[in-house]
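# Examination of the molecular architecture
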Amino acid sequence: MKRTASRLAYTVIVLFVSSIAVFYAIRLSGGDATAAALPGSATEEFREEFRDRLGLNEPIYQQYFTYMGRILSGDPGNSLTNNKALTDMLTEHGRNSLILGGTAFGLVFLVGIPLGILASLRRNSWADQGIMSLSTVAMAVPNFWLALLAVWLFASTLGWLPSAGCCGTKQLILPAVVLAFEGIALTVRMTRSAMIESQNSDYVRTLRAGGLSEWRITCKHVLRNALIPIISLAGLRIGQIVGYALIVETIFGWPGLGQVLVNAVLRRDYPVAQFFSLVLVALVVLGNWLADTGYTIANPRLRKST
Amino acid sequence: MNAIAVGSRPGEVPSGHDRSPLLEIEDLRISIASDASSFEVVKGVALTVCENEIVCLVGESGCGKSMTALSVMGLLPRGIAEVTGGRIAFEGQSLLSLQKRELRRLRADSISMIFQDPITSLDPVFTIGSVLEEVIRSHRDVSRTEAREIAVRALMEAELPDAADRLDSYPHQLSGGMRQRVMIALAIALDPKLLIADEPTTALDVTVQAQILENLRERQREREMGMLLITHDLAVVASVADRVAVMYAGEIVEEAPVDELFSDPQHPYTQGLIRALPDISVSKGSLYSIPGRVPPPQVPPPGCLFAPRCEHALDLCWEASPELSRDGAKSLRCINAQPFEIG
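Just so you know, these numbers come straight off a predicted model, no measurement behind them. Per chain, residues are indexed from 1 in the order of the written sequence. Naming scheme: in the order in which they are written, chains are lettered from A and ligands are numbered from 1. Per-residue local features of the predicted model are confined to residues with pLDDT of at least 70, and side-chain atom pairs are confined, for both listing and counting, to 80 or more; whole-chain, interface and lining totals are unaffected and use all residues.

## Some remarks on the overall build of chain A
In plain terms, the rule: Here a helix means four or more residues in a row that DSSP labels H or I, a strand means two or more in a row labelled E, and each is numbered from the N terminus. Think of it as a crowd count around each C-beta: if 20 or more other C-beta atoms lie within 10 Å the residue is buried, if 12 or fewer it is exposed, and in between it is partly exposed, with C-beta placed from the backbone throughout. Placing a C-beta atom from the backbone of each residue, one calls two residues in contact when those atoms lie within 7 Å.
Summing up its helical and strand segments, chain A has 13 helices and zero strands in all. Beginning at the N terminus, the succession of helices and strands in chain A can be written as α-α-α-α-α-α-α-α-α-α-α-α-α. Across its three principal axes, chain A shows a C-alpha extent of roughly 85 × 60 × 30 Å. Classification of the 306 residues of chain A by burial places 35% in the buried group. Counting only contacts in chain A whose residues sit at least 6 apart along the sequence, the fraction spanning at least 24 positions is 73%.

So this is what it looks like as C-alpha cells:
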C-alpha cells in the first residue's frame, strides 16, 4: 500500500516535471507559430494580433499555467493547422497507434520468450547459436534502416506487402515487425539467460532431488522464475515502442500519435506538439509503473506480507 | 582432554556390517572438466551405508564429499562434474546404469537429500505446500487433499511450528532454520530408506543446528533409515554418527566406528583434525592447525596425498600411494600409523 502510494506520487512528479520540460522545449525550439497557421501573405500586424490572441506574447510561465489549466479541465485546445480538436485527434490517432504498438508489444513476447526458451534448452546447439547471433544483429541494426530495408525487400522487390498505408492487416505487418524487432532480440537474450540461471539454481536441484521430471521442472519452476525479470521489464518495452513509433510510423505512413507529433513539430503546431508529447510521456510513465506492478505480481517476495 | 564426548545412545546399535547394506559405493571416481583440462576430485571412494545407521563422511571443503553425495542422487552439475568410474548400488541395484526415469522414481521416494543452504534451496515463487504436494503427488497416486495431509504430517515431524498454517507460506516468509525444516519434511515425506544430508546445519545458527541435528537423528531412528551425513564438523560427527569415514583430497583415508575413531584415531590426518578441535577447558594459547595445505587436485603429489603435511612420512610415503587396508569394521590408508597423542 505504502509502496503503491509512493509510486503514484513519483509518477505525478515525473509527469509534472516533464510537462514543464516539454512546454519549454517547444517554445525554445524557435520558429514561428504563425508560419503554420497563416498564409504567407499575412501582414506582420495581423500576425502580431494572432500571437496576442493565442497568448504567445505572455511570459512563458503564465502561458504554461494557462495551458495546464486547460489540459486539466479536459479541453487541451485545437490544432493550429486544421483547427481539429486535440481530443478528437487523440482518439483517432491513438486508436491507430494502439493497433500498431499493441501488435508490436505482443510480438516482442510471443516471439521473444519462446525463442529464448528454445535457445536455453538447446544451449550451444546450432539453434541456440543461430538465435543468439540473429538477436545480436537485431539489436545493432537501427530501426529506421531496418524499416527502409524491409520496404525495399518486401514491398518494392518481392511485392508481397504494401510499403505504407493504414490500417489493414497487410499494412500492419511490416511496421509492427520493425517496431518489435529490437524488443524481440532483447527479450530473447533476457529469457535465455534468466532460464539458464534458474536451471542452475539450488531450488531446481532440490526439485530434481524430489524426483520431479525435467520437463515439469522446466515448464513450471524454471520458467516461472525466469519470467520475473522479463515481466518486470515488460513495461520498459512500452517506452521503447512509444519512442520508436515516431520513426516507424513516419516511414510507413501509419497515422498514429508518433506521426502526428513529428508533423506537428515540423509545422510548429504548438498545441499539437505539446499535447502529444505529453501523451507519449504519460505512456512511458505508465509503462514504468506497470513494470513495477508487474514485478510485484511476478515476485511473491515483493507482495504485501501476510 | 578434548571437549568432544561421544554420545552414548539408548539401545546402542551394533556397529556396521552385520546389517544389510543399503548403499554401496565402490571405487567411485568423479572428474571435473574445465575448458582446458580435467582432473579427478573423487579418487576411488568406497563407502557402505546400512539400514538404521548413520555414516558420517568428514573432510574439509573441496575434499570431494559433496560430489560423492551428489553422484548417488545423479545430481552432479551437468557438463562440469562426471562419474568416470566405479559403482554405486542401492539395495543391490546399480544406480549409474539406471534410466533417467527410473532414477527419478527413486529420488525422494527411496533416496532423499537435504542440502546445505536452505535459503536458496526452496523455489521462491511457490508456496512450500505446493512444492511438497507436487513432490508427493509425483510419486504417489493421491488426491491433493491427501497429499496436503502427508505434507502437514511431514512438516510436523520436522518440527516446523504451526505446520498446517505454513503450507501457504512462501520460503521468504520463513527463517533459515524453518526452511531447513521444510527441506527435511520434503526429504522424509515419502519415507525413504536412505537419507543423504549434505552439511545440513552448516548454514544455520548454532542453537538451531543442535535442534535440527537432533530432529534428523530422531527421524532416522524411528524410521530405521540409513543416513549418510556429510559434514566438516567433528562435533556433529561425535553427537550423531555410528560410523565415520574421513576423506582427504578425494580419497577415504580412514574409516571406523565413531567411538574408536575418536578414542584411537590411526591416520595422521584424522589425528590432526581431532587435535585441531578447540578445547574449552584451556582458555589461552594458540589453536592447533595441520601444517601445510591440501594439494591442488590438478597436480596431485606422487605417493601418499597427505605425505607433504605428515610429520611421520617415510621415504616410501613419497613414492607409492598407500592402499586402503581393511581390518574388521575399520580401514586405514597409511603405512606408518602412529599411536595418537594429544598435543
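From this point, the narrative continues.
## Overview of the overall build of chain B
We apply this condition: In this treatment the radius of gyration is a C-alpha quantity, and the globule benchmark scales as 2.2 Å times the residue count to the 0.38 power.
On a plain count of helices and strands, chain B comes out with eleven helices and twelve strands. Expected size for 343 residues packed as a compact globule is a radius of gyration near 20 Å; at 21 Å, chain B falls within 12% of this value. Considered along the principal axes of its C-alpha atoms, chain B spans approximately 65 × 50 × 40 Å. Within chain B, buried positions represent 45% of all 343 residues.

## Regarding the domain arrangement of chain A
Short version of the rule: Domain extents, as shown, originate in an automatic or database domain assignment.
Here chain A is described as being made up of domain 1 (20-72) and domain 2 (89-302). The C-alpha-based centres of domain 1 of chain A and domain 2 of chain A are spaced at 37 Å.

## Some words on the pairing of strand 2 (residues 38-50) of chain B
Residues and elements named next belong to chain B. Condition: Here the rule is simple: two strands pair whenever DSSP picks up at least two bridges between them.
Of the pairings in the sheet, the one linking strand 1 (residues 21-33) to strand 2 comprises ten bridges and is antiparallel in character. Residue pairing across strands places leucine 23 opposite valine 49, the latter belonging to strand 2. Counting the residues that bridge the hairpin from strand 1 to strand 2 gives four residues.

## Quick look at the sheet that holds strand 9 (residues 243-248) of chain B
Residues and elements named next belong to chain B. Put simply, the rule is: Only C-alpha atoms enter the line fits that serve as axes; for helices the fit covers just the stretch in contact. Angles between N-to-C directions range over 0 to 180 degrees.
One open sheet accounts for eight strands, arranged 6-7-8-3-9-10-12-11; its pairing is mixed. In the strand order of this sheet, the two ends are held by strand 6 (111-114) and strand 11 (325-327), each with one partner. Recorded for the sheet is a direction-independent mean angle of 20 degrees between the axes of neighbouring strands. In this structure, strand 10 (residues 251-257) lies alongside strand 12 (residues 330-332), joined through two bridges in antiparallel fashion.

## Description of helix 6 (residues 176-188) of chain B
Three or four residues apart is the spacing at which side chains of an α-helix point the same way, because the helix has 3.6 residues per turn. Residues and elements named next belong to chain B. Here is the rule: A helix is expected to reach a length of 1.5 Å times the quantity of its residues less one.
Taking 1.5 Å as the rise per residue, helix 6 with 13 residues should run 18 Å; its terminal C-alpha atoms sit 18 Å apart, in good agreement. Where burial is concerned, most of helix 6 is hidden: eleven out of the 13 residues are buried. Listed as buried for helix 6 are Met178, Arg179, Gln180, Arg181, Val182, Met183, Ile184, Ala185, Leu186, Ala187 and Ile188. Residues of helix 6 that are buried make contact with strand 6, helix 3 (128-139), helix 4 (144-157), strand 7 (194-198) and helix 7 (206-223).

## Concerning the packing of helix 8 (residues 169-199) of chain A against helix 11 (residues 234-251) of chain A
Residue and element names in this part refer to chain A. Note the threshold: When an angle is under 35 degrees it counts as roughly parallel; over 145 it counts as roughly antiparallel; between 65 and 115 it counts as roughly perpendicular; any other value is oblique. Crossings are classed by handedness, with left-handed meaning an anticlockwise turn of the near helix from the far one by less than a right angle and right-handed meaning a clockwise turn.
For the pair helix 8 and helix 11, interaxial distance at closest approach is 10 Å and the crossing angle is 140 degrees. As judged from the angle between their axes, helix 8 and helix 11 are oblique. Crossing geometry of helix 8 relative to helix 11 is assigned as right-handed. Together, Pro175, Val178, Leu179 and Gly183 of helix 8 and Arg237, Gln240, Ile241, Tyr244, Ala245, Val248 and Glu249 of helix 11 make up the contact between the two elements.

## Some points on unusual backbone geometry
All names here are of chain B. In the Ramachandran plot, glutamate 91 falls in the positive-phi region, its phi being about 50 degrees despite a non-glycine side chain. Position of glutamate 91 relative to the elements: it lies in the loop between strand 4 (81-90) and strand 5 (93-94). When the 16 C-beta atoms within 10 Å are taken as the criterion, glutamate 91 is described as partly exposed. Non-glycine residue alanine 108 carries a positive phi angle of around 70 degrees. Tracing the sequence through the fold places alanine 108 in the loop between helix 2 (100-106) and strand 6.

## Some words on the sheet that holds strand 4 of chain B
Residue and element names in this part refer to chain B. Spatially, 2-1-4-5 is the arrangement adopted by the four strands of the open sheet, whose pairing is antiparallel. One side of each edge strand has no neighbouring strand; the edge strands of this open sheet are strand 2 and strand 5. Direction of pairing for strand 4 relative to strand 5: antiparallel, over a ladder of two bridges. Paired with alanine 89 across the strands is serine 94, a residue of strand 5. Docked against the sheet, helix 1 (residues 65-73) engages strand 1, strand 2 and strand 4, running at close to 115 degrees with respect to strand 1.

## Notes on the environment of alanine 291 of chain A
Residue and element names in this part refer to chain A. Tracing the chain through its elements places alanine 291 in helix 13 (residues 270-298). The partly exposed category is assigned to alanine 291, around which 19 C-beta atoms lie within 10 Å. C-alpha separation for the pair alanine 291 and leucine 257, spaced 34 residues apart in sequence, amounts to 22 Å.

## Structural notes on the interface of chain A and chain B
Taken residue by residue, the interface counts 18 residues in chain A and 25 residues in chain B. Secondary structure elements with two or more residues in the side of chain A that touches chain B: helix 9 (202-209) and helix 10 (214-232) of chain A. Sort the elements by how many residues they give to the side of chain A that touches chain B and helix 9 of chain A lands first, with seven residues.

## A short note on the nonpolar core
Put simply, the rule reads: Linking buried Ala, Val, Leu, Ile, Met, Phe, Trp, Tyr and Cys residues through C-beta atoms within 7 Å yields a set, and such a set is a nonpolar core.
The biggest cluster of nonpolar side chains holds 114 residues, and the ones touching the most others in it are Leu132, Ala185, Ala189, Ile196, Leu228 and Val244 of chain B. A per-element tally of this core places helix 6 of chain B first, with eight residues. Setting aside residues up to four positions removed in sequence, alanine 189 of chain B forms contacts with Leu132, Val135, Ile136, Ile150, Ala151 and Ala154 of chain B. By size, the runner-up hydrophobic cluster in this structure holds 48 residues, among which are Tyr67, Phe181, Ala185 and Phe275 of chain A.

## Quick notes on the environment of methionine 195 of chain A
Residues and elements named next belong to chain A. Inspection of the secondary structure assignment puts methionine 195 in helix 8. By C-beta crowding, methionine 195 is classed as buried, having 25 other C-beta atoms within 10 Å. Here the alpha-carbon distance between methionine 195 and alanine 226, two residues 31 residues apart in the chain, equals 5.2 Å.

## Regarding the confidence of the model for chain B
All names here are of chain B. As a reminder of what qualifies: What pLDDT conveys is the predictor's confidence in a given residue, as a value from 0 to 100.
The predicted model of chain B averages 89 in pLDDT, with 94% of residues at 70 or higher. In the model, residues 7-17 has pLDDT below 50 throughout and makes 15 contacts with residues more than four positions away in sequence or in other chains. Interface predicted TM-score (ipTM) for the complex: 0.89; the corresponding pTM is 0.81.

## Focus on the pairing of strand 6 of chain B
Each regular strand carries side chains that alternate between the two faces of the sheet. Residue and element names in this part refer to chain B. Alternating positions in strand 6 separate into two faces, Ile111 and Met113 on one and Ser112 and Ile114 on the other, with burial throughout. Pairing of strand 6 with strand 7, which is carried by four bridges, proceeds in the parallel orientation. Across the sheet, serine 112 pairs through a bridge with leucine 195, a residue of strand 7.

## Section: the packing of helix 11 of chain A against helix 13 of chain A
All names here are of chain A. One way to put it is that helix 11 packs onto helix 13 with a least axis distance of 6 Å and a crossing angle of 165 degrees. Looking at the two axes, helix 11 sits roughly antiparallel to helix 13. Here the hand of the crossing between helix 11 and helix 13 comes out right-handed. Judged by residue contacts, Ala234, Gly235, Leu236, Ile238, Gly239 and Val242 of helix 11 engage Leu280, Leu283, Val284, Gly287, Asn288, Trp289, Leu290, Ala291 and Gly294 from helix 13.

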